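Residues per chain, in single letters:
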There are 4 protein chains.
Amino acid sequence: MNFSRDAVIQAVGDGLLSFPVTDFDEQGRFDRDSYRQRLEWFVSHEVSAVFVAGGTGEFFNLTLDEFRAVVTVAVETVGGKLPVIASAGLSVGAGKAYARAAEEAGADGILLMPPYLTECPQDGLVEYARNICDSTSINVIYYNRGNGVLEAEAVQQLADACPNLVGLKDGKGDMQLLNQIVKTVGDRLVYVGGVPTAEIFAEAYLSIGVNTYSSAVFNFVPELAVTFYRALRQGDSATVKRITNDFFIPFINLRDRRKGYAVSLIKEGATIIGRSAGSVRAPLVMPNEDECKQLENLVRIARQL
Amino acid sequence: MNFSRDAVIQAVGDGLLSFPVTDFDEQGRFDRDSYRQRLEWFVSHEVSAVFVAGGTGEFFNLTLDEFRAVVTVAVETVGGKLPVIASAGLSVGAGKAYARAAEEAGADGILLMPPYLTECPQDGLVEYARNICDSTSINVIYYNRGNGVLEAEAVQQLADACPNLVGLKDGKGDMQLLNQIVKTVGDRLVYVGGVPTAEIFAEAYLSIGVNTYSSAVFNFVPELAVTFYRALRQGDSATVKRITNDFFIPFINLRDRRKGYAVSLIKEGATIIGRSAGSVRAPLVMPNEDECKQLENLVRIARQL
Amino acid sequence: MNFSRDAVIQAVGDGLLSFPVTDFDEQGRFDRDSYRQRLEWFVSHEVSAVFVAGGTGEFFNLTLDEFRAVVTVAVETVGGKLPVIASAGLSVGAGKAYARAAEEAGADGILLMPPYLTECPQDGLVEYARNICDSTSINVIYYNRGNGVLEAEAVQQLADACPNLVGLKDGKGDMQLLNQIVKTVGDRLVYVGGVPTAEIFAEAYLSIGVNTYSSAVFNFVPELAVTFYRALRQGDSATVKRITNDFFIPFINLRDRRKGYAVSLIKEGATIIGRSAGSVRAPLVMPNEDECKQLENLVRIARQL
Amino acid sequence: MNFSRDAVIQAVGDGLLSFPVTDFDEQGRFDRDSYRQRLEWFVSHEVSAVFVAGGTGEFFNLTLDEFRAVVTVAVETVGGKLPVIASAGLSVGAGKAYARAAEEAGADGILLMPPYLTECPQDGLVEYARNICDSTSINVIYYNRGNGVLEAEAVQQLADACPNLVGLKDGKGDMQLLNQIVKTVGDRLVYVGGVPTAEIFAEAYLSIGVNTYSSAVFNFVPELAVTFYRALRQGDSATVKRITNDFFIPFINLRDRRKGYAVSLIKEGATIIGRSAGSVRAPLVMPNEDECKQLENLVRIARQL
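Residues numbered from 1 in each chain as written. Chains lettered and ligands numbered in written order. Predicted model: local features only at pLDDT ≥ 70, side-chain atom pairs only at ≥ 80, totals over all residues. Heavy atoms only, no water.

**Q** Just checking my understanding: could you explain empty space enclosed by the protein for this structure?
**A** Unoccupied space between atoms shows up once a probe the size of one water molecule is rolled over them. Residues and elements named next belong to chain D. Overall, the coordinates contain one cavity of 30 Å³ or more when judged by the stated rule. Roughly 30 Å³ of internal volume is contained in the largest cavity. Lining the largest cavity are Asn-2, Val-75, Val-78, Gly-79, Gly-80, Leu-82, Val-84, Gly-106 and Asp-108. For the lining of the largest cavity, the residue count by class is four nonpolar, four polar and one charged. (1 Å grid on protein atoms, 1.4 Å probe; cavity = no way out; pocket = protein on both sides within 12 Å on 5 of 7 lines; lining within 4 Å. Points joined across faces, edges and corners; volume = space filled by probe spheres on them. Nonpolar A, V, L, I, M, F, W, Y, C, P; charged D, E, K, R; others polar.)

**Q** For this particular structure, what's the right way to read the relation of the copies chain A and chain D?
**A** Each copy of the chain is related to the other by a rotation around an axis and a translation along that axis. Here chain A sits on chain D after a turn of 180° about the axis and a move of 0.0 Å along it, with an RMSD of 0.0 Å. The symmetry that links the two subunits is that of a two-fold axis. Every residue of chain A has its C-alpha some distance from the rotation axis, and the shortest such distance is that of Tyr116(A), at 2.9 Å. When the interface residues of chain A are mapped onto chain D, 100% of them again fall at the interface, so both copies present the same face. (Least-squares fit on C-alpha atoms with pLDDT ≥ 70 in both. Contact = heavy atoms within 4.5 Å.)

**Q** In this structure, what is going on with the interface of chain A and chain D? I would like to understand it.
**A** Taken together, the contact pairs 33 residues of chain A with 33 residues of chain D. Interface of chain A and chain D: buried area, both sides summed, is about 2,800 Å²; carbon and sulfur atoms make up 68% of it. Three residues, Tyr116(A), Leu117(A) and Pro283(A), lead the burial of chain A against chain D; their summed loss comes to 26% of the area buried on that side. Counting across the chain A and chain D interface gives two salt bridges. With its nearest N and O atoms 2.6 Å apart, the salt bridge here joins Arg258(A) to Asp123(D). The interface formed by chain A and chain D includes eight residue pairs in polar contact (both at pLDDT 80 or more). Among the secondary structure elements, those contributing two or more residues to the side of chain A that touches chain D are strand 3 (84–90), helix 4 (92–104), strand 4 (109–115) and helix 5 (122–134) of chain A. Counted by class, the side of chain A that touches chain D contains 18 nonpolar, nine polar and six charged residues. (Buried area = accessible area lost by both parts, 1.4 Å probe. Salt bridge = Lys/Arg side-chain N within 4 Å of Asp/Glu carboxyl O. Polar contact = N/O pair within 3.5 Å; in protein donor to acceptor, adjacent residues only side chain to side chain. Helix = DSSP H or I, 4+ residues; strand = E, 2+ residues; numbered from the N terminus.)

**Q** Mind showing me how you'd approach the relation of the copies chain D and chain C here?
**A** Between chain D and chain C, the superposition needs a rotation of 180° and an axial shift of 0.0 Å, giving an RMSD of 0.0 Å. Same-surface contact between copies: 100% of interface residues of chain D are shared with the interface of chain C.

**Q** Would you explain the pattern of salt bridges in this entry?
**A** It is possible for side chains bearing opposite charge to pair when their charged atoms get close. All told, the structure shown has 64 salt bridges over all chains when counted by the stated rule. Between Asp23(B) and Arg38(B) there is a salt bridge, with the nearest N and O atoms lying 2.8 Å from each other. Of the two residues, Asp23(B) sits in the loop between strand 1 (17–18) and helix 2 (32–43) while Arg38(B) sits in helix 2, which places them 15 residues apart along the sequence. Across the pair Asp134(C) and Arg130(C) runs a salt bridge whose closest N-O atoms are separated by 2.8 Å. Of this pair, Asp134(C) and Arg130(C) both sit in helix 5 (residues 122–134), four residues apart, which is roughly one turn of that helix. A cluster of three or more residues bridged by salt bridges with shared partners is formed by Asp33(A), Arg36(A) and Glu76(A).

**Q** It is not clear to me how the interface of chain D and chain C should be interpreted in this structure. Could you clarify?
**A** Reports often express the size of an interface as the amount of accessible area lost when the parts come together. Of the residues lining the interface, 22 residues belong to chain D; the matching set on chain C comes to 22 residues. Across the interface of chain D and chain C, roughly 1,900 Å² is buried in total on both sides, 54% from carbon and sulfur atoms. Its largest share of buried area at the contact with chain C, chain D owes to Gln176(D), Lys183(D) and Glu203(D), together 32% of the area lost on that side. At the boundary of chain D with chain C, the tally comes to two salt bridges. A salt bridge links Glu203(C) to Lys183(D), with the shortest nitrogen-to-oxygen separation between them at 2.8 Å. Counting residues per element, the ones that place at least two in the side of chain D that touches chain C are helix 7 (175–185), helix 8 (202–207) and helix 10 (237–255) of chain D. Broken down by element, the residue count for the side of chain D that touches chain C peaks at eight residues, all from helix 10 of chain D. A class-by-class count of the residues in the side of chain D that touches chain C yields eight nonpolar, nine polar and five charged.

**Q** Please clarify how the arrangement of the chains should be interpreted in this entry.
**A** At the C-alpha level, the nearest point of chain A lies 14 Å from chain C, with no contact between them. Kept free of each other, chain B and chain D leave a smallest C-alpha distance of 14 Å between them.

**Q** Just to check I follow, could you spell out the packing of helix 10 (residues 237–255) of chain C against helix 11 (residues 261–272) of chain C for this structure?
**A** Each packed pair of helices is defined by two parameters, the angle between the axes and the distance between the axes. All names here are of chain C. Their axes nearest at 9 Å, the elements helix 10 and helix 11 cross at an angle of 115°. The angle between the axes of helix 10 and helix 11 places the two elements in the roughly perpendicular class. Note on packing geometry: the crossing formed by helix 10 with helix 11 is right-handed. Counting all contacts with helix 10, which are made through Phe-251, Leu-254 and Arg-255, the residues of helix 11 involved are Tyr-261, Ala-262, Leu-265 and Ile-266. In terms of residue class, the contact of helix 10 with helix 11 is made up of six nonpolar, no polar and one charged. (Axes fitted to C-alpha atoms, helices over the stretch in contact; angles between N-to-C directions. Parallel < 35°, antiparallel > 145°, perpendicular 65-115°, else oblique. Left-handed = near helix turned anticlockwise from the far one by under 90°.)

**Q** What exactly am I supposed to notice about the sheet that holds strand 5 (residues 139–144) of chain D here?
**A** Strand pairing in a sheet relies on backbone hydrogen bonds, with the paired strands running either antiparallel or parallel. Residue and element names in this part refer to chain D. Ordered in space as 1-2-3-4-5-6-7-8, the eight strands form a closed barrel in which the pairing is parallel. Bridge count for strand 3 (residues 84–90) against strand 4 (residues 109–115) is five bridges, and the pairing is parallel. Residue pairing for strand 4: Ala-88 is matched across the bridge by Leu-112. Taken strand by strand, helix 5 (residues 122–134) contacts strand 3, strand 4, strand 5 and strand 6 (165–170), and its axis lies near 150° from that of strand 4. (Pairing = 2+ DSSP bridges.)

**Q** Where do I start with helix 2 of chain B in this structure?
**A** Because the α-helix completes a turn every 3.6 residues, residues three or four places apart line up on one side. Residue and element names in this part refer to chain B. Spanning twelve residues, helix 2 covers 17 Å between terminal C-alpha atoms, matching the ideal 16 Å at 1.5 Å per step. Buried within helix 2 are the following residues: Ser-34, Tyr-35, Arg-38, Leu-39, Trp-41, Phe-42 and Val-43. Against strand 1, strand 2 (49–51), helix 3 (64–78), helix 9 (222–234) and helix 11 (261–272) lie the buried residues of helix 2. The N-cap residue of helix 2 is Asp-31: its side-chain oxygen and the backbone nitrogen of Asp-33 are 3.3 Å apart. (Expected span 1.5 Å × (residues − 1). Buried < 20%, exposed > 50% of the residue type's maximum accessible area, 1.4 Å probe, protein only.)

**Q** Explanation requested: the environment of Val12(C) in the structure shown.
**A** Residues and elements named next belong to chain C. Position of Val-12 relative to the elements: it lies in helix 1 (residues 5–13). It is 8.2 Å that separates the C-alpha atoms of Val-12 and Tyr-191, two residues lying 179 residues apart in sequence. When neighbours within four sequence positions are excluded, Val-12 is seen to be in contact with Leu-17, Phe-51, Ile-85, Ile-141, Val-190, Val-192 and Thr-212.

**Q** So what exactly am I meant to see when it comes to the packing of aromatic side chains here?
**A** Each aromatic ring pair is specified by the distance between its two centres and by the angle formed by the two planes. Scanning all chains against the criterion turns up 62 aromatic pairs over all chains. Ring geometry for Phe42(A) and Phe218(A): centres 4.9 Å apart, planes at 65°, overall edge-to-face. Placement of Phe42(A) in helix 2 (residues 32–43) and of Phe218(A) in the loop between strand 8 (212–215) and helix 9 (222–233) is noted, with a sequence separation of 176 residues between them. Taken as a pair, Phe42(A) and Phe218(A) share a single burial class, namely buried. Plain terms: the ring middles of Phe220(B) and Phe247(B) are 6.4 Å apart, the flat faces sit at 50° to each other, and that makes the pair tilted. Note that Phe220(B) is positioned in the loop between strand 8 (212–215) and helix 9 and Phe247(B) in helix 10 (residues 237–255), a separation of 27 residues in sequence. Among the residues examined, Phe247(B) registers a relative accessible area of 0% and is labelled buried. (Phe/Tyr/Trp six-rings, centres within 6.5 Å; stacked < 30°, edge-to-face > 60°.)

**Q** What exactly am I supposed to notice about the side chain of Asp23(A) here?
**A** With relative accessibility at 0%, the residue Asp23(A) sits in the buried group. Look past the residues within four positions of Asp23(A) in its chain and what remains in contact with it is Arg29(A), Phe30(A), Asp31(A), Ser34(A), Tyr35(A), Arg38(A), Ser276(A) and Ala277(A).

**Q** Would you explain the nonpolar core in this entry?
**A** In summary, soluble globular proteins display a tendency toward joint burial of nonpolar side chains. Within the largest apolar cluster, 508 residues are counted, with the highest numbers of intra-cluster contacts made by Phe247(A), Phe247(B), Phe247(C) and Phe247(D). In this structure, Phe247(A) is in contact with Val217(A), Phe220(A), Val221(A), Leu224(A), Arg242(A), Leu298(A), Ala302(A) and Leu305(A), ignoring residues within four places of it in sequence. (Core = buried A, V, L, I, M, F, W, Y, C linked by side-chain atoms within 4.5 Å.)

**Q** Is there a simple way to think about the pairing of strand 8 (residues 212–215) of chain C in this case?
**A** Successive side chains on a regular strand alternate, one facing one side of the sheet and the next facing the other. Residues and elements named next belong to chain C. Alignment of strand 1 (residues 17–18) against strand 8, held across two bridges, turns out to be parallel. By the bridge assignment for strand 8, Ser-18 is matched with Ser-215. Both strand 7 (residues 190–193) and strand 8 contribute to a ladder of two bridges, which runs parallel. Residue pairing across strands places Val-192 opposite Thr-212, the latter belonging to strand 8.

In structure tokens form, the structure reads like this:
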């Protein structure tokens, strides 16, 4: 941990958040060197925090040992320049193990993912999250997603119970729910937009006090991602509209062609710009040739925006 | 028709939109006198248009003859002070009949509801809407809801084909879809927020250029509805937050207790403030005693906000 | 009405049920002559009842006047050989009007469709259905579908309240719900399988006491439909499997390509076999050329099964 | 591994399948002794296989070390009398580790659960499952559930690619999909019904060739579970109906009160009959006092059926 609680809150609550893909080599193993170079390149841009082994980083496809290696390389490489946030989840037992690994590797926080497989009642989710929060001294951001979605009252309970819970990331895109949470819990937490291709929600997020979001496309069009974020925060709606129309809407149309492409296309984008991170692991699949060409074309367009 | 196309666009695109409930007497028949008084009271407030026999007005529970009577009373009572927008829908054949009835009764436009019962492909929906638009000379606002939800490309096609299509009302609350539509179609149309209790989405709507919304609670707490809208448009986020927390969030929790309460509670609210519109018709049901008391309490709170 | 309550129950509860498409001419108007010929042809097969202006008959696309004409032609043409069941729905007011029209035209029963557009609580749905049942002396079959799905307790209440409610048609395909209904309500009602392409559910339906179903493909491959039904009832699972594999699975794959094809493909099938009923009305659309060829091929296959 | 491939197929494809809960002590740790006694009691009944650390056994709440202990105790205790099937899942990497642990502990097969968290395309799922199948020499049953649901064509591909894939367990309850799978893939696989409280689907399952199912209630009313299964297979529909009405329908109503109760109520049931397995782990929660009383009452009823 290199950053104080307040510094993490500051970084996560405002500024562009980056979510690097995880590098695999040709045998599909974690590729430390390639990942190190990726992170050096990441932190050379105007971002405020680095979330490693997150959704875009295929947390769900990593073993605990791989996860530990990913976080270790990340903390070393970022070198205290920015907060490094890792992940945890799956179950109370596994979640504690991931949180401990993250803490030992020097991460500044964890993004807490939903439980595996099971349906969950609200109070059970609070208990799941509380157990994992209590097991670690680093900061926790709860990822409100899938079978783990908390409603406003439950978020309030969790925030009251866990001092190291500092934020909530939305992965559902339900504006009624999110507004209820933000209005109820207020500035006790910071809020992060986290639906796939969150830029399409960015204006709506900002309107209710969700000042930032996870930019997956930063992995392959970082200048565009930064330009979009700046335009958004400066109220430059013409630029927001132009980039949305020319890049994000066609990107989303391509993304929606197959399940999992919210991650797969990001890895393909990295290859297109000469910074390959290898292929996604099953159950994800890489895009086909035609889709790759469409993505190449979008990269070209992005460079002119 | 009392208003020009431009005047309707102006009124519908900006300013608080009101959706009166439809008055039924003790035998459950349309009550003209009570409805007339309701509309006189409505237009004494700061609203920019009156949508009659809409969702809150139980369009789905009215026969064509009743609909004609409702619109006729409304047009007479509003007397050209504000645009009156009626509804149409169900099928191409019925939709044309409703649109003709609205036009003959002097309405300034129709809100076009989805087809009845069937699944609909995108191009079939465009054809459905185009046929009804083409059958009338008054303005049309398409209600993007239920089985009738159009995606961005289809909205563009419909707007290109139908000069009298002037607006789109969102009834889905999917910010990705709505943002794609607004960014794609732009100011060719005006946009209206129209999910149940739309105030909870109001900030998000506004952020992407949806400047107004349907206020159902205006039926029983009109001052609160107007105060909220003003605060929203003036960027007074403290007032927006206070009213959301103290009124809209508990109201939504009450509303979500049973299906159809988005309408039923509005009618109960009208009774509570001494302006009864009778009961909803089946398949809707009125709230139970305990719920009525909770709503009374919310009315008391609203008066202090 | 040509059949007693018991005779209707007998016919609807056992035996293949047929659902003719509604004939439109080149201008899209109801075509009486063509429809008359269709019904004559229908009743020359081994079916136990004729459901006119049902889902496959585009009830949702017909005006009340057209509906009256459809039922009148049907009753005349069937001539008392089989029970004729028409439809009703939309709202209490409209539902009563449709039921009256059906009764006046001589129909033996109505299939009661869900309300239009609105969300519905269980007790509101019971009230909706009860009002319409009470308004008519003919038999009613409740169609459990879309926003009108009743749970077991509500079905029991409705059956207790309405002596002329004789059946329930399932349009949801939720075996848990349907089994709860059948086990709870028992033989007070007869049960009809009514999901799209119900043959794929036929074995499961039969296993819990739903002895029959609506066969839409009867419109263009009646021999296959009859053969399948006979094999099912005789426990000839080899034939059931062969027809399912060679016809119904590819048909379902084609049907699932676009919304509404559960009806559109049936009309195209009628054209293919030389008994055109014209095109579907918007919001439905006819299949494209390639899909028509695939359907032609399936018709060829059906003739060899 | 104590059983040949054929013997496992035989046992899993026909006969009542049992899914023991996993015992936790008062500190929430795996309780070997209590679990051993449970298994001894299980195999004293008429069951054909034991699935350990499955859904009812909270697989999703166990670490790999705990899982290994569970399987080891199970294999020892069952002692070759019946096949023991363990679980695997989460990701390709974790799935291989679980499969290896199961194999090393002497299990006869694994039930392969869906990937964690991510959306999955069909071919990616096939690849996920194939990788795990290929990593083990024991038999695999694919659990078609949640984000891991395979369609008919993909099941066929997987069956073609993996000789040790011997079965498919349905966890979705979609009869159209399941019938398509069974009709397409046929007796290359055995099929197991596996929705929560699968007895409510048992007749429908059986009708399409799914001869058996997972009985969770066997954990606390084993005689009832066996009686029901016998009646089902003997075509004794009166007994099936009586048990469904008097036990399963009220049980399902209780179960549906809160998410996760499909497991929680089973553990409570074990306590009620004096064979406590401790409490479920978060994110699950135990039922409240009133619900416990209702369940006690159901146990009393079960004893009289």
